[in-house]
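Given next are the chains, with one letter for each unit.
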Amino acid sequence: MVILVVIINTLISLVLLYVAWRVWQLKQQLAYIADRLTAYESCTNAALNKAPENIYLSQQNIYNLRQRNQALQIQIQQVRQIISLLLLGRQIWQRYFLKLELISGKRKSGKRKVAK
């Protein structure tokens, strides 16, 4: 009877020892997972901590670019207007000289006819 009790106690002890060993392994795995999650949280926090400042700076840069673009658009419009005025002036100038050439050509050709 005593031998049976000793054998049963030994079996219970071995089962509990196995359970304790598995719990210890599980604890090690959980500790590893917790460390990894803490590291991920730290990296995420570092990245997201600067996000509002980076977003604000990006918004300001976009605003500045739009302002410069608007100024350049105005300058482009002014250059186009200047070019249009120059082309109009050239056309008027050419028409004026063409009329002068036609008038002077008629006078010259009229004088020639009389001279013949």
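Please refer to the structure higher up on the page.
Residues numbered from 1 in each chain as written. Predicted model: local features only at pLDDT ≥ 70, side-chain atom pairs only at ≥ 80, totals over all residues. Heavy atoms only, no water.

Engineer: Account for the overall build of the protein, naming residues and giving values.
Structural biologist: On a plain count of helices and strands, the protein comes out with two helices and zero strands. Residues counted as buried form 0% of the 116 residues belonging to the protein. (Helix = DSSP H or I, 4+ residues; strand = E, 2+ residues; numbered from the N terminus. Buried < 20%, exposed > 50% of the residue type's maximum accessible area, 1.4 Å probe, protein only.)

Engineer: So what's going on with the packing of aromatic side chains? Residues and values would help.
Structural biologist: Applying the stated criterion across every chain, the model contains one aromatic pair. Here the aromatic rings of Tyr 18 and Trp 21 are separated by 6.1 Å at their centres, their planes lie at 45°, and the arrangement is tilted. Here Tyr 18 and its partner Trp 21 are both found in helix α1 (residues 2–49), three residues apart, which amounts to about one turn of the helix. (Phe/Tyr/Trp six-rings, centres within 6.5 Å; stacked < 30°, edge-to-face > 60°.)

Engineer: How would you sum up a nonpolar patch on the surface? Please name residues and give values.
Structural biologist: Together, Met 1, Leu 4, Val 5, Ile 8, Ile 12 and Leu 16 give the surface a local cluster of nonpolar side chains, amounting to about 620 Å² of exposed area. Examined against the element boundaries, Val 5 turns out to sit in helix α1. (Patch = residues over 30% accessible without salt bridge, like charges linked within 9 Å, V, L, I, M, F, W, Y side chains within 5 Å. Areas by Shrake-Rupley, 256 points an atom, 1.4 Å probe, with all protein chains shown as cover. Salt bridge = Lys/Arg side-chain N within 4 Å of Asp/Glu carboxyl O.)

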